[in-house]
Amino acid sequence: MEVNFRPETESRLQELASKSGRPPSDLIEDAMAGYLQEVTQINEMLDGRYDELKNRRVRPVDGDVAFSGLRQKSKDRRARS
């Protein structure tokens, strides 16, 4: 597989490879493996959350209401300090 990077990205990769003593291909492999693992975990989490909503094990929360409550809690904590 061939991957093309913007010149500034390739320059940074070469610099990191030089500093670490590892070939750029190893750095890319490690970065992609970590990224793909993270994407998989996020997808699994979102699928689980969707299933919980769909099966009514949890209720959706209005974002404005949730943030309003968080702001009030923060305001209350500052008032006590």
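Sequence order as written defines the numbering, with residues in each chain counted from 1. This being a predicted model, a pLDDT of at least 70 is required before a residue's local features are given, and a value of 80 or more before pairs of side-chain atoms are given or counted; all residues contribute to the totals for chains, interfaces and linings. Hydrogens and water molecules were not included; the side-chain quantities draw on all heavy atoms of the structure.

1. A closer look at a nonpolar patch on the surface
Step number 1: Taken together, the side chains of Met 1, Val 3 and Phe 5 make up a nonpolar region of the molecular surface, amounting to roughly 390 Å² of accessible area.
Step number 2: The numbering of helices and of strands both runs from the N terminus, where a helix is a DSSP run of H or I of at least 4 residues and a strand a run of E of at least 2. Checked against the element boundaries, Val 3 lands in the segment before α1 (7-20).
Step number 3: Under the scheme applied here, a residue whose accessible area is under 20% of the maximum for its type counts as buried, over 50% as exposed, and between as partly exposed, the area being computed with a 1.4 Å probe on protein chains only. With relative accessibility at 47%, the residue Val 3 sits in the partly exposed group. Two distance rules govern patches: like charges are joined within 9 Å, and nonpolar side chains (Val, Leu, Ile, Met, Phe, Trp, Tyr) within 5 Å, applied only to residues with over 30% relative accessible area and no salt bridge. Each accessible area is a Shrake-Rupley result for a 1.4 Å probe, and residues are judged covered by the shown protein chains and nothing else. A pair is scored as a salt bridge if a Lys or Arg side-chain nitrogen falls within 4 Å of a carboxyl oxygen belonging to Asp or Glu.

2. Overview of the environment of Leu 53
Step number 1: Following the sequence through the fold, Leu 53 ends up in helix α2 (residues 24-54).
Step number 2: Every residue pair with non-hydrogen atoms within 4.5 Å of one another is taken to be in contact. Ignoring any residue separated from it by four or fewer positions in sequence, one finds Leu 53 in contact with Val 58, Arg 59 and Pro 60.

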